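Structural characterization, general
What follows is the residue order along each chain.
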Amino acid sequence: MKTWNKRMTFGLAAAAAAVAIPLTAGSASAAMWHNVAGGPAMYENLAACQADIPEAKQHYKDASCTDVNGEITLWALY
(Lines give C-alpha, C1' and ligand atoms only; values in the text may rest on other atoms or scores of the structure.)
Protein backbone atom coordinates (compact mmCIF):
# COMPACT_ATOMS: atom_id res chain seq x y z
CA MET A 1 0.00 0.00 0.00
CA LYS A 2 1.34 3.43 -0.90
CA THR A 3 1.95 5.93 1.84
CA TRP A 4 0.00 9.19 1.90
CA ASN A 5 3.23 11.11 1.35
CA LYS A 6 3.89 9.23 -1.91
CA ARG A 7 0.27 9.68 -3.02
CA MET A 8 0.40 13.42 -2.33
CA THR A 9 3.69 13.77 -4.20
CA PHE A 10 2.36 11.86 -7.19
CA GLY A 11 -0.90 13.86 -7.17
CA LEU A 12 0.90 17.18 -7.12
CA ALA A 13 3.28 16.08 -9.88
CA ALA A 14 0.37 14.93 -12.06
CA ALA A 15 -1.48 18.21 -11.52
CA ALA A 16 1.61 20.24 -12.38
CA ALA A 17 2.13 18.19 -15.55
CA ALA A 18 -1.50 18.61 -16.58
CA VAL A 19 -1.06 22.38 -16.46
CA ALA A 20 2.50 22.57 -17.82
CA ILE A 21 2.08 20.39 -20.91
CA PRO A 22 -0.51 22.57 -22.71
CA LEU A 23 1.29 25.72 -21.63
CA THR A 24 4.58 24.65 -23.16
CA ALA A 25 3.28 22.87 -26.27
CA GLY A 26 4.73 23.99 -29.59
CA SER A 27 7.22 26.77 -30.04
CA ALA A 28 5.21 29.38 -28.15
CA SER A 29 6.27 30.78 -24.83
CA ALA A 30 4.29 29.70 -21.78
CA ALA A 31 3.69 33.37 -21.00
CA MET A 32 1.48 33.62 -24.09
CA TRP A 33 -1.11 31.07 -22.91
CA HIS A 34 -4.04 32.62 -21.05
CA ASN A 35 -6.94 31.23 -19.08
CA VAL A 36 -9.98 32.32 -21.09
CA ALA A 37 -12.78 30.28 -19.51
CA GLY A 38 -13.33 27.65 -16.89
CA GLY A 39 -14.53 26.61 -13.51
CA PRO A 40 -17.42 24.43 -12.37
CA ALA A 41 -20.04 26.97 -13.47
CA MET A 42 -18.62 27.03 -17.00
CA TYR A 43 -17.73 23.39 -17.75
CA GLU A 44 -19.18 20.35 -16.01
CA ASN A 45 -16.82 17.95 -17.83
CA LEU A 46 -13.76 17.90 -20.10
CA ALA A 47 -15.85 17.08 -23.19
CA ALA A 48 -17.84 20.31 -22.76
CA CYS A 49 -14.61 22.31 -22.71
CA GLN A 50 -13.21 20.49 -25.72
CA ALA A 51 -16.40 21.28 -27.65
CA ASP A 52 -15.48 25.00 -27.34
CA ILE A 53 -11.96 24.55 -28.78
CA PRO A 54 -12.97 24.98 -32.48
CA GLU A 55 -14.67 28.30 -31.69
CA ALA A 56 -11.74 29.46 -29.58
CA LYS A 57 -9.36 28.65 -32.45
CA GLN A 58 -11.30 31.12 -34.61
CA HIS A 59 -10.21 33.90 -32.23
CA TYR A 60 -6.83 32.64 -30.97
CA LYS A 61 -3.79 30.85 -32.46
CA ASP A 62 -4.48 27.68 -30.45
CA ALA A 63 -6.64 26.43 -27.60
CA SER A 64 -6.46 23.59 -25.09
CA CYS A 65 -8.36 22.29 -22.08
CA THR A 66 -6.97 21.08 -18.76
CA ASP A 67 -8.64 19.16 -15.95
CA VAL A 68 -6.91 19.65 -12.61
CA ASN A 69 -8.73 18.00 -9.72
CA GLY A 70 -12.07 18.43 -11.47
CA GLU A 71 -11.59 22.12 -12.33
CA ILE A 72 -11.71 22.36 -16.10
CA THR A 73 -10.12 25.34 -17.80
CA LEU A 74 -9.93 26.51 -21.42
CA TRP A 75 -6.52 28.00 -22.29
CA ALA A 76 -5.84 30.10 -25.38
CA LEU A 77 -2.63 31.03 -27.16
CA TYR A 78 -2.56 34.66 -28.25
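Residues numbered from 1 in each chain as written. Predicted model: local features only at pLDDT ≥ 70, side-chain atom pairs only at ≥ 80, totals over all residues. Heavy atoms only, no water.

With that out of the way, let us pick up the packing of aromatic side chains. The full count for this structure, using the stated rule, is 1 aromatic pair. The interplanar angle of 85° and the centroid separation of 5.2 Å between the aromatic rings of Y60 and Y78 together place this pair among those described as edge-to-face. In this pair, Y60 sits in the loop between α3 (53-59) and β2 (62-68) while Y78 sits in the segment after β3 (71-77), placing the two residues 18 residues apart along the sequence. A relative accessible area of 43% means that Y78 is categorised as partly exposed. (Phe/Tyr/Trp six-rings, centres within 6.5 Å; stacked < 30°, edge-to-face > 60°. Helix = DSSP H or I, 4+ residues; strand = E, 2+ residues; numbered from the N terminus. Buried < 20%, exposed > 50% of the residue type's maximum accessible area, 1.4 Å probe, protein only.)

On to the pattern of salt bridges, then. Any two side chains of opposite charge can pair, on the condition that their charged atoms come close. By the definition in use, this model includes 1 salt bridge. Residues D62 and K57 are paired through a salt bridge, measuring 3.7 Å at the closest nitrogen-oxygen approach. Look at K57 and you get partly exposed, because its relative accessible area is 44%. (Salt bridge = Lys/Arg side-chain N within 4 Å of Asp/Glu carboxyl O.)

With that out of the way, let us pick up the pairing of β2. Across 7 bridges, β2 lies against β3 in antiparallel orientation. Bridge pairing in β3 links D67 to I72. (Pairing = 2+ DSSP bridges.)

The next point concerns the sheet that holds β2. Reading across from one edge, β1-β3-β2 is the order of the 3 strands in this open sheet, with antiparallel pairing throughout. Here the strands that pair on one side only, and so sit at the sheet edges, are β1 (33-38) and β2. Each strand of the sheet is rotated relative to its neighbour by a mean of 30°, with strand direction disregarded. (Axes fitted to C-alpha atoms, helices over the stretch in contact; angles between N-to-C directions.)

Purely geometric stuff here, so don't read any function into it on its own.
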